[in-house]
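Structural features, examined
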Amino acid sequence: MREDVLEREVEAMLGLRERREKDSELYKIANEVFDRTTKGTLAYLHRRGKIEALYGVISTGKEANVFAGVDSDGNRIAVKIYRTYTTEFRRIWEYLAADPRIGYLPKDMRKLVFVWTRREFKNLQRAIKYAVRVPEPIIFRNNVLVMEFIGDELPAPRLKDVERKLRREDFGELYDYLMGVIERLWKRGDMVHGDLSEYNVLLWDKPVIIDWSQATVKRNRMSVELLKRDLRNVINYFARKGVPVDDYDEKLRELLER
């Protein structure tokens, strides 16, 4: 597709021409991260009806940006777009190289990000299989992942953003739930999230765990370290909130016993 035609198609999908003044943040991010590969991928998903429009930024990061949008049927969606060239190259390569599910790793950074995106899609599917509430994955292509939108008019808040509004008993229930997620993933799903914290839990109809890009299987040589990270993050956070928590060493031993 010619560059000018591609540019017009993506601008129309994003409504950028009309929104340069109204939503300067979206326009700025679009210009920064939507390279030709990303524009082509968005245009492909647009033509298939998977993304009708993007209308706001949910979150930004070094690796990816997440946008709110709608599909061609008017259903709300979340669209995660990984940067095709990122300063996180070394970290991404190390995680993928250690994952026994991944075969040959391309040396090209752009193609490596495609593998990373596909892995997050598969991780979400696997988590759902073991009854963990996550954004339902819809489709992925190249560096773009389309998922269920969690929220109503606005995105559901992260635990970190609303912690001051919660009661002590709320924290107790959340602690039990998250420890149950860790145990269920590890013992039944042979899987670990690897970055579980108050920043990756959305509070909605029930707690929703997000950001599964680093999640992996138990066979991964890094899995025990990632399990330790999840346990430490959750136990330390809820201990600070006054929740009676498990002893870290005892809980780790319990999980590692077969």
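As a starting point, this report considers the structure included with it.

Some details on the nonpolar core
Grouped together as the largest cluster of nonpolar side chains are 51 residues, with contacts concentrated most on Trp212 and Phe238. Residue contributions to this core peak at ten residues, all from helix H8 (residues 168-187). Here tryptophan 212 is in contact with Glu120, Asn123, Leu124, Ala127, Val132, Val134, Leu185, Met191 and His193, once residues within four sequence places are set aside. Counting 15 residues, the second largest nonpolar core, distinct from the first, contains Phe34, Ala43, Ile51 and Ile81.

Details of the side chain of asparagine 143
Inspection of the secondary structure assignment puts asparagine 143 in the loop between strand S4 (137-141) and strand S5 (144-148). Assessed through its relative accessible area of 0%, asparagine 143 is described here as buried. In this structure the side chain of asparagine 143 is engaged in a polar contact, spanning 2.7 Å, whose partner is the backbone oxygen of tyrosine 82. Residues in contact with asparagine 143, not counting those within four places in the same chain, are Thr37, Thr38, Thr41, Lys80, Ile81, Tyr82, Thr84, Val113, Phe114 and Thr117.

Quick look at the sheet that holds S4
Read from one edge to the other, the open sheet built from five strands follows the order S1-S2-S3-S5-S4, with strand pairing classed as antiparallel. Edge positions in the sheet fall to strand S1 (53-60) and S4, since each has one partner strand and no second. The average undirected angle you get between the axes of adjacent strands in this sheet is 25°. Relative to S5, S4 runs antiparallel, the two sharing four bridges. Bridging from a neighbouring strand, arginine 141 pairs with valine 144 of S5. Contacts between helix H6 (residues 109-129) and the sheet are confined to strand S3 (76-82), S4 and S5, with S4 contributing the most and set at about 165° to the helix.

Calculation notes
Residues numbered from 1 in each chain as written. Predicted model: local features only at pLDDT ≥ 70, side-chain atom pairs only at ≥ 80, totals over all residues. Heavy atoms only, no water. Core = buried A, V, L, I, M, F, W, Y, C linked by side-chain atoms within 4.5 Å. Buried < 20%, exposed > 50% of the residue type's maximum accessible area, 1.4 Å probe, protein only. Helix = DSSP H or I, 4+ residues; strand = E, 2+ residues; numbered from the N terminus. Contact = heavy atoms within 4.5 Å. Polar contact = N/O pair within 3.5 Å; in protein donor to acceptor, adjacent residues only side chain to side chain. Pairing = 2+ DSSP bridges. Axes fitted to C-alpha atoms, helices over the stretch in contact; angles between N-to-C directions.

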